[in-house]
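Listed below are the residues making up each chain.
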Amino acid sequence: MENMNEIKAFAAKIRIAAIEAIHAIGQGHIGGALSMADALAVLYGREMRYDPKNPKWPDRDKLVVSKGHAGPAVYGTLALLGFFPYEQLKTMNRPHTNLPSHCDRNKTPGVDMTTGSLGQGTSLAAGMALGDKLKGRDNRVFLIVGDGESNEGQVWEAFAFAAAKKLGNLVVLLDWNKRQLDGWTKDVYPMGDYVAKFEAFGFDTVKVDGNDVEAVAAALERTRAGGDKPYAIVLDTVKGAGVAEVAEKTMNHSLPVSDEQYERWTAQLRAEIEALEG
Amino acid sequence: MKIVYDGTLDPRQCKAVLGETIPAMAAEDPDVIYLDADLMNCIGTAKWAAEHPERAINCGIAEANMVGVAAGLAAAGFKPIVHTFGPFASRRCFDQVFLSAGYAKNDITIIGTDPGVTATLNGGTHMPFEDVGIYRTLPGATVIDVTDPTMLISVLRQCKDRPGVKYIRVGRKQYARVYADGSELPIGKAVTLREGTDVVIFAVGIMIHEAMQAAIELEKEGVSAAVVDMFTIKPLDVEAVVDWAKKCGAVVVAENHNRNGGLYSAVSEVLAERCPTPAAVVAVEDEFGEVGPQGYLQERFGLTAAHVAEAARSVLKRK
């Protein structure tokens, strides 16, 4: 997808798919799934190299969603791309499902790493990037980290490691959606200036509007150069982006989705897609 | 496999064995990769690591990250061998071991050096009496308490290609020589070191030598004590436990570990289910470690041959 309207429509479809999965079980991690839908659309729409028919292809680009609770958005993306049937989204969190609340590489085709215990995906991604580099692969590893997640000390151990080992094939996207489970991050546990932190750690760093696919696409394009520094893209996002009613709620980490809300929200997103696709 | 125990020390220090075996394994298998947390100089790998930076990754003093990186390397197709001191290889990073390696099915081998009283002059902060108990809770894990340098080489090579998380606890210094050079010790199979009929002593690690010495003492008193090396604490050789317990009717367990959660717990679980048998333990009571030379610490925590013999006498009275 080179056309930005296509990417925007893909992001809206990811939102619908995530809402489908959450609505089917009645409740889920909707806020942080919606905030990163645009980044997922750019990553899978134009930046990453992968094959839905061969999800374990060693030379593929890999994505580690360390904020593993954003599973619904990841599953929506993978289903839209044909990694597994779209209908499976409705099985999320039900017994014997392949789509557990938090991402699991052993259950879901296309999920590159098991995550969910916050912080742990960062070191895993660093190890995967180092391993791919040592194996002589020319792929990249993308890592999505939550801003609340960055309270975890392991995140910063992993960032120090990535810079020390010159992992230019690692791209960190920090979903700065400014909210965590207990409320606004500025109230719960303020972490300061992420751009300054990443730069101090030795990352090639930019901050962009993370809900603007063109800005995210441009930031990701820069990272194709590789080199000796890992990349950080601070995504300035809104938790719940794309569904105003969710975004307006401060406490939107996990919410129930009623039948009426499901109909209204998905209808609105479908109208956006129609407008984009003309 | 040949048993050559005569009470003398194996001339090799285990740190030297690690320093030779890890590079040798890396030379033989391009997928072997070694990670350490700023303790390469403690096991003699530093010089080789400096010459092979693509095979030996110094992760700095950040064990949780090291384990996650190792798990990521496993996902990329490597067979990681991770080393740090026992407490940091267990308590410090266990959530990462549990989820990033175990749950996510990223197979890694972890070496925790200086278990229990072998931490000697590093003292209580560095003295893990609980690492076996921690690792035993990890589904599918392999947990090994090494007996001597020959066994160390054998189990390291087996762990490389064995699925799941493998935890090897081993002191860096000398051990009593038990197995002839080149012996292979299949993981999961207990080894009978000494036959006996009155009481069986299940021992591991440094307590093998103490158990053998105790058995010699007991023989002078007319007590026939068997000694069985239970080096694989998980998966435990259940049949060996049951067979020996039935044969002798009295059990002693000797381990350089807290009495909670380690070999004594593992053996007791089997006895309770399969063949209730009087048992006694030679292990650390529910205590923290402290500083001192190993001889002092073995006395302090009750980990000597005399303690093993006394436990045997006491359990025989309950037979």
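Residues numbered from 1 in each chain as written. Chains lettered and ligands numbered in written order. Predicted model: local features only at pLDDT ≥ 70, side-chain atom pairs only at ≥ 80, totals over all residues. Heavy atoms only, no water.

### As for the overall build of chain B
And step 1. Helix and strand content of chain B: 12 helices and 12 strands.
And step 2. The C-alpha radius of gyration computed for chain B amounts to 19 Å, which stays within 12% of the reference 20 Å derived for 319 residues, consistent with globular compactness.
And step 3. Its C-alpha atoms give chain B principal-axis dimensions of roughly 60 × 40 × 35 Å.
And step 4. A separation threshold of at least 6 residues defines the contact pool for chain B, and within that pool the share at least 24 residues apart is 80%.
And step 5. Only carbon and sulfur atoms are counted for the fraction: they give 53% of the accessible area of chain B, which is about 11400 Å².
And step 6. The centroid of the 31 positive side-chain charges in chain B is displaced by 2 Å from the centroid of its 40 negative side-chain charges. (Helix = DSSP H or I, 4+ residues; strand = E, 2+ residues; numbered from the N terminus. Rg over C-alpha atoms; globule rule 2.2 N^0.38 Å. Contact = heavy atoms within 4.5 Å. Areas by Shrake-Rupley, 256 points an atom, 1.4 Å probe, with all protein chains shown as cover. Lys, Arg positive; Asp, Glu negative; His and termini not counted. Charge placed at Lys NZ, Arg CZ, Asp CG, Glu CD.)

### Let's talk about the environment of A46 of chain B
Residues and elements named next belong to chain B.
And step 1. Residue position: A46 is located in helix α2 (residues 46-51).
And step 2. With 176 residues separating them along the chain, A46 and G222 place their C-alpha atoms 51 Å apart.
And step 3. Once residues within four sequence positions are removed from consideration, A46 is found in contact with M40 and N41.

### Quick notes on the pairing of strand β3 (residues 79-85) of chain B
Residues and elements named next belong to chain B.
And step 1. With six of its seven residues buried, β3 lies for the most part within the structure.
And step 2. Taken together, the five bridges between β3 and strand β4 (residues 108-113) define a ladder with parallel strand orientation. Bridging across to β4, V82 finds its partner in I110. (Buried < 20%, exposed > 50% of the residue type's maximum accessible area, 1.4 Å probe, protein only. Pairing = 2+ DSSP bridges.)

### Focus on the domain arrangement of chain B
Residues and elements named next belong to chain B.
And step 1. Its domain assignment divides chain B into domain 1 (14-170) and domain 2 (191-316).
And step 2. For domain 1 and domain 2, the distance between their C-alpha centres works out to 26 Å.
And step 3. Here domain 1 meets domain 2 over a buried area of about 2200 Å², counting both sides, of which 60% is carbon and sulfur.
And step 4. Of all residues in domain 1, V117, F129 and R136 give up the largest surface area on contact with domain 2, accounting jointly for 35% of the area buried on that side.
And step 5. In this structure, the connection of domain 1 to domain 2 is made through one salt bridge.
And step 6. Between E269 and R136 there is a salt bridge, with its nearest N and O atoms 2.7 Å apart. (Domains from an automatic or database assignment. Buried area = accessible area lost by both parts, 1.4 Å probe. Salt bridge = Lys/Arg side-chain N within 4 Å of Asp/Glu carboxyl O.)

### Considerations on the pattern of salt bridges
And step 1. Using the criterion set out here, one finds 45 salt bridges over all chains in the structure.
And step 2. The salt bridge involving E51 of chain B is made with K47 of chain B; its shortest N-O contact spans 3.4 Å. With E51 of chain B and K47 of chain B both in helix α2 and four residues apart, this pair spans about one turn of that helix.
And step 3. Taking relative accessible area as the criterion, K47 of chain B reaches 63% and is therefore assigned exposed.
And step 4. Linking K189 of chain B and D237 of chain B is a salt bridge whose minimum nitrogen-to-oxygen distance equals 4.0 Å. Placement of K189 of chain B in the loop between β6 (165-170) and β7 (191-194) and of D237 of chain B in the loop between β10 (232-234) and α9 (238-248) is noted, with a sequence separation of 48 residues between them.
And step 5. Among the residues examined, D237 of chain B registers a relative accessible area of 11% and is labelled buried.
And step 6. Three or more residues joined by partner-sharing salt bridges are found here, namely D59, K62, D132 and R137 of chain A.

### Let's talk about helix α12 (residues 305-317) of chain B
Residue and element names in this part refer to chain B.
And step 1. Here α12 is 13 residues long and its end C-alpha atoms lie 19 Å apart, about the 18 Å a rise of 1.5 Å per residue gives.
And step 2. Every buried residue of α12 is accounted for by A305, V308, A309, A311, A312 and V315. Buried residues along α12 cover an arc of 160° about the axis, so they all sit on one side. With respect to the buried face of α12, the exposed residues turned more than 90 degrees away are A306 and K317.
And step 3. Contacts from the buried residues of α12 go to β8 (199-203), α8 (207-220), β11 (251-258) and β12 (279-284). (Expected span 1.5 Å × (residues − 1). Arc of directions from axis to C-beta.)

### A look at the interface of chain B and chain A
And step 1. Facing the 27 residues of chain B at the interface are 23 residues of chain A.
And step 2. Between chain B and chain A, roughly 1900 Å² of surface is buried when both sides are summed, and carbon and sulfur atoms account for 58% of that area.
And step 3. Taken together, the links from chain B to chain A amount to one salt bridge.
And step 4. D31 of chain B is the salt-bridge partner of K135 of chain A, the closest N and O atoms lying 2.5 Å from each other.
And step 5. Joining chain B to chain A, the criterion identifies 13 residue pairs in polar contact (both at pLDDT 80 or more).
And step 6. Every element with two or more residues in the side of chain B that touches chain A is listed here: β2 (56-58), α3 (63-75) and α5 (94-103) of chain B.
And step 7. Counting residues per element, the side of chain B that touches chain A draws most heavily on α3 of chain B, at nine residues.
And step 8. Broken down by class, the residue content of the side of chain B that touches chain A amounts to 14 nonpolar, eight polar and five charged. (Polar contact = N/O pair within 3.5 Å; in protein donor to acceptor, adjacent residues only side chain to side chain. Nonpolar A, V, L, I, M, F, W, Y, C, P; charged D, E, K, R; others polar.)

### Observations regarding the side chain of R140 of chain A
Residues and elements named next belong to chain A.
And step 1. Along the polypeptide, R140 turns up in the loop between α5 (120-134) and β3 (141-146).
And step 2. At 2.6 Å, the side chain of R140 and the side chain of T223 are in polar contact.
And step 3. Contacts of R140, omitting those with residues within four sequence positions, involve E47, R60, D61, K62, N169, V171, L220, T223 and R224.

### With respect to the nonpolar core
Residue and element names in this part refer to chain B.
And step 1. If you look at the biggest cluster of nonpolar residues, it comprises 85 residues, and the most contacted ones within it are L35 and F202.
And step 2. Among the elements that line this core, the one with the most residues is α3, at seven residues.
And step 3. Counting the residues that make up this core, at least three belong to each of domain 1 (14-170) and domain 2 (191-316).
And step 4. If we skip the residues at most four places from it in the chain, L35 touches I57, C59, M66, V69, A70, L73, P80, I81, V82 and H83.
And step 5. I111, M212, V252 and F301 belong to the second-largest nonpolar core, a separate cluster that totals 67 residues. (Core = buried A, V, L, I, M, F, W, Y, C linked by side-chain atoms within 4.5 Å.)

### Some details on the sheet that holds strand β4 (residues 170-176) of chain A
Residues and elements named next belong to chain A.
And step 1. Pairing in this open sheet of five strands is parallel, and the strands run β2-β3-β4-β8-β7 from one edge to the other. Both outer strands of the open sheet, β2 (62-65) and β7 (204-209), are each paired with one neighbouring strand and no more. On average, each strand axis in the sheet is inclined to that of its neighbour by 20°, with strand direction left out of account.
And step 2. Here β3 pairs with β4 via six bridges, running parallel. In the sheet register, F142 faces β4, and the bridge partner there is V171. (Axes fitted to C-alpha atoms, helices over the stretch in contact; angles between N-to-C directions.)

### With respect to the sheet that holds strand β1 (residues 32-36) of chain B
Residues and elements named next belong to chain B.
And step 1. Strand order across the open sheet formed by seven strands is β2-β1-β3-β4-β6-β5-β10, with mixed pairing between neighbours. Taken across any chain shown, the strands that pair with only one partner, and hence form the sheet edges, are β2 and β10. When strand polarity is set aside, the average angle formed by the axes of neighbouring strands in this sheet is 20°.
And step 2. Bridge analysis of β4 against β6 gives six bridges, and the strand direction is parallel. Pairing of T109 across the sheet is with K166, part of β6.

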